[in-house]
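Notes for the structure review
The primary structure of each chain is shown beneath.
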Amino acid sequence: MMFGQEGEDSRAQQDLARLLMSERFQEEFNLQKGSIPVRQDVPLSRYDDCARLSNRDLKASAANHKLLPSFAHAMAMQPQVSGAVFDVVTHYFNDDAISAEVAARAMATAIKAAQ
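Small disclaimer: the values here were computed from a predicted structure and weren't measured. (Residues numbered from 1 in each chain as written. Predicted model: local features only at pLDDT ≥ 70, side-chain atom pairs only at ≥ 80, totals over all residues. Heavy atoms only, no water.)

Section: the overall build of the protein chain
- On a plain count of helices and strands, the protein chain comes out with 5 helices and 0 strands.
- Computed over its C-alpha atoms, the radius of gyration of the protein chain comes to 20 Å, more than 25% above the 13 Å expected for a compact globule of 115 residues.
- Across its three principal directions, the C-alpha atoms of the protein chain cover 55 × 40 × 30 Å.
- Across the 115 residues in the protein chain, those meeting the buried criterion constitute 19%. (Helix = DSSP H or I, 4+ residues; strand = E, 2+ residues; numbered from the N terminus. Rg over C-alpha atoms; globule rule 2.2 N^0.38 Å. Buried < 20%, exposed > 50% of the residue type's maximum accessible area, 1.4 Å probe, protein only.)

Here it is, written out as structure tokens:
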């Protein structure tokens, strides 16, 4: 269904896309996920203050052409590099014996190795 280009496959893809992007689905999905809808016309009345602030910040960044690619979603770097960064950060936050300086050196080494 996801890779067909004609006939029923194409109609099924369009149906799925229409459902996923519907206002109702976007609202319910993002309320459960704890994120904001990709659609800008979804009312945020049921969202918490954090989500409403996040949405205002997103709109302001877009209006000022200051949006940055997402590090968390592998848009800012190759997945192998972000994976290496996440490994070092996870290790640093889970091991009190590692200093910030050691973690920074480990981060530089991991990034170089992953590139």
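Having put the structure on the table, let's press on.
Quick word on the packing of aromatic side chains
- Inspection of every chain in the model, using the stated rule, returns 2 aromatic pairs.
- Between Y92 and F93, the aromatic rings sit 5.2 Å apart at their centres with planes inclined by 70°, giving edge-to-face as the arrangement.
- Of the residues examined, F93 reaches a relative accessible area of 61% and is grouped as exposed. (Phe/Tyr/Trp six-rings, centres within 6.5 Å; stacked < 30°, edge-to-face > 60°.)

As for the packing of helix α4 (residues 79-94) against helix α5 (residues 100-114)
- Across the interface, α4 lies against α5 with an axial gap of 9 Å and an inter-helix angle of 160°. Between α4 and α5, the angle falls in the class roughly antiparallel. Crossing of α4 over α5 shows right-handed handedness. Between α4 and α5, the residues in contact are Q80, V81, A84, V85, V88, V89 and Y92 and A100, A103, A106, M107, A110, I111 and A114, respectively.
- Looking at the contact of α4 with α5 residue by residue, the class counts come to 13 nonpolar, 1 polar and no charged. (Axes fitted to C-alpha atoms, helices over the stretch in contact; angles between N-to-C directions. Parallel < 35°, antiparallel > 145°, perpendicular 65-115°, else oblique. Left-handed = near helix turned anticlockwise from the far one by under 90°. Contact = heavy atoms within 4.5 Å. Nonpolar A, V, L, I, M, F, W, Y, C, P; charged D, E, K, R; others polar.)

Considering the nonpolar core
- Membership of the largest hydrophobic core is limited to 5 residues, which are V81, A84, V88, A110 and A114.
- At the level of secondary structure, the elements contributing two or more residues to this core comprise α4 and α5.
- If one sorts the elements of this core by residue count, α4 sits on top with 3 residues. (Core = buried A, V, L, I, M, F, W, Y, C linked by side-chain atoms within 4.5 Å.)

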